[in-house]
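What the coordinates show
So you can see what is in the structure, the chains are spelled out below.
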Amino acid sequence: MTTTPRIVVTGLGATTPLGGTVAETWEGILAGRSGARPLDVPWVEQYDLPVSFAATLARPPEETLAKVEVRRNDPSAQYALVAAREAWADAGSPEIEPERIGVAIGTGIGGVQTLLEQWDNLREKGPRRVFPLAVPMLMANSPSGTVSLDLGARAGAHTTVSACASGAEAMGYAAEMIRSGRADIVVAGGTEAAMHALPVAGFAAMQALSTRNDDPERASRPYDVDRDGFVLGEGAAVIVLETEEHAKARGAKIYAVLAGLGMSSDAHHITAPEPEGAGASRAMAEAVESAGLALSDISHINAHATSTPVGDVAEANAIRRAFGDHTDSIPVTGTKSMTGHLLGAAGALEAVLTILSVHHRVVPGTINLDNLDPAITLDVVSGEQRALPDGDIAALNNSFGFGGHNVALAIRSI
Amino acid sequence: MAANEQEILAGLAEIVNEETGIDAASVELDKSFTEDLDIDSLSMMTIVVNAEEKFGVRIPDDEVKNLKTVRDAVTYIQSNQG
């Protein structure tokens, strides 16, 4: 095998239900806080929705964006902008040729709030009242386009759309952009802003959401025997990727190495996971192999673990299928217990959390895990956080999406 | 009640600021939307849509291209408002 350049992470950004920055979010994660809260919106009652809570953004983008940026962008692009600016600044705002800077930002649903608000405008007030920026705001590539405009990135701006794997897939796409020589540095991540009655009603109609309305903070409980669905979240997470050589040449600080990438598709069912986890396990094995690692080198997995009854078991089966007996010595965590499920931003946020786990050598605990489902035979970290060993370590981040998309990212210490 | 020129100018300046971020104070009667204020055609449409709602006027698409300066817009709104 020829030596391919190591791709490293030099910047992190996030706006999440736990905080307006990566630091605030990580602090919330280590403290075991839940980002779920009652939805303070008229439409829950208006449409008599079966779910009245969600993991809404901790800090509205209005706090950091100019008024006109809020006005002219769908929330999905606003969140991406907030996270991308933080990540770019964290990377030291590199001054490099615009033609060498790329963007890859995924989203599951895109500008659904704009789409539906403008549909309301059309029906209630007529075509003349449809906002002239409706189309550029609602399109799924609006976040990547907006971030590319903001950073002046001209190597290419790409949008991965693979439901809840979108953000992780964007990071994989970004790594391949760098490997193929198309860009020297890529801003990559995911964003989602689906806090609207229709997505809530839609997910509720497929019985994917927890209905623990009387106790939102306890609703997202991956691996717990009483889990009853995921908690809808929103936000964005973005990282800055470049080759190790490029990062060192400009004196950048390096968090970790994006060492491996595995992708597969189930071709099993449009939404249900393949129960034995064949596809997901192939993605995990490929991520480990492409990182040049052995299965026994993986010392932590940040799981997709959405808190759905079927999904958590399927992933656990997939992990065991991929790792065999090594499974017992891999501490697994489900951070969606705190952040909720950020859909197209979930994989990106969990990649950020995995990077921080490797960087700080600590696995945050899964919250709300009172009684481990006997069908889950994993070493799930709950309650106390757990330290990771010194030396060269590697961790895996899993993301799966409706459509049968499986993405695994391998993160290695520097 | 119909708005006078000053009121229309102030209302228009507020819309321009909200839609483009341009300082409301720089929206003066003799300024050209494209040459002086650097407003592109799509942003101009967002201003038109909001001005229609705010002032209760209809500004047909064919008319928009004739609104070269802020004064053109103010005059059009003043003479066509309901």
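Keep in mind that this is a model prediction, so the values were computed, not measured.

Take unusual backbone geometry next. Non-glycine residue alanine 267 of chain A carries a positive phi angle of around 45 degrees. Locating alanine 267 of chain A in the fold gives a position in the loop between β8 (256-265) and α11 (278-290).

Residue and element names in this part refer to chain A. Overall, the coordinates contain 2 aromatic pairs over all chains when judged by the stated rule. Ring centres of phenylalanine 203 and phenylalanine 230 lie 5.2 Å apart, and the angle between their planes is 75 degrees; this geometry places the pair in the edge-to-face category. In this pair, phenylalanine 203 is assigned in helix α9 (residues 197-205) and phenylalanine 230 in the loop between α9 and β7 (235-243), connecting sequence segments 27 residues apart. Just as phenylalanine 203 is buried, phenylalanine 230 falls in that class too. Between phenylalanine 203 and phenylalanine 402, the ring centres sit 6.4 Å apart and the planes meet at 50 degrees, which makes this aromatic pair tilted. Within this pair, whereas phenylalanine 203 is found in helix α9, its partner phenylalanine 402 is found in the loop between β14 (394-401) and β15 (405-412), the two being separated by 199 residues in sequence. The exposure class assigned to phenylalanine 203 is buried, which follows from its relative accessible area of 10%.

Counting from both sides, the interface comprises 18 residues of chain B and, opposite them, 11 residues of chain A. It is Glu18, Glu19 and Val49 of chain B that lose the most area in chain B upon contact with chain A, and together they represent 37% of the buried surface on that side. On inspection of chain B and its partner chain A, the count reaches 6 salt bridges. Between arginine 129 of chain A and glutamate 52 of chain B there is a salt bridge, with its nearest N and O atoms 3.4 Å apart. Here chain B and chain A share 9 residue pairs in polar contact (both at pLDDT 80 or more) between them. Put simply, the parts of the chain that give the side of chain B that touches chain A at least two residues each are α1 (5-20) and α2 (41-55) of chain B. Here the element with the most residues in the side of chain B that touches chain A is α2 of chain B; it accounts for 9 residues. For the side of chain B that touches chain A, the per-class residue count stands at 6 nonpolar, 6 polar and 6 charged.

Definitions and cut-offs
- Residues numbered from 1 in each chain as written.
- Chains lettered and ligands numbered in written order.
- Predicted model: local features only at pLDDT ≥ 70, side-chain atom pairs only at ≥ 80, totals over all residues.
- Heavy atoms only, no water.
- Helix = DSSP H or I, 4+ residues; strand = E, 2+ residues; numbered from the N terminus.
- Phe/Tyr/Trp six-rings, centres within 6.5 Å; stacked < 30°, edge-to-face > 60°.
- Buried < 20%, exposed > 50% of the residue type's maximum accessible area, 1.4 Å probe, protein only.
- Contact = heavy atoms within 4.5 Å.
- Buried area = accessible area lost by both parts, 1.4 Å probe.
- Salt bridge = Lys/Arg side-chain N within 4 Å of Asp/Glu carboxyl O.
- Polar contact = N/O pair within 3.5 Å; in protein donor to acceptor, adjacent residues only side chain to side chain.
- Nonpolar A, V, L, I, M, F, W, Y, C, P; charged D, E, K, R; others polar.

Interpretation in functional terms is not warranted from these geometric data alone.
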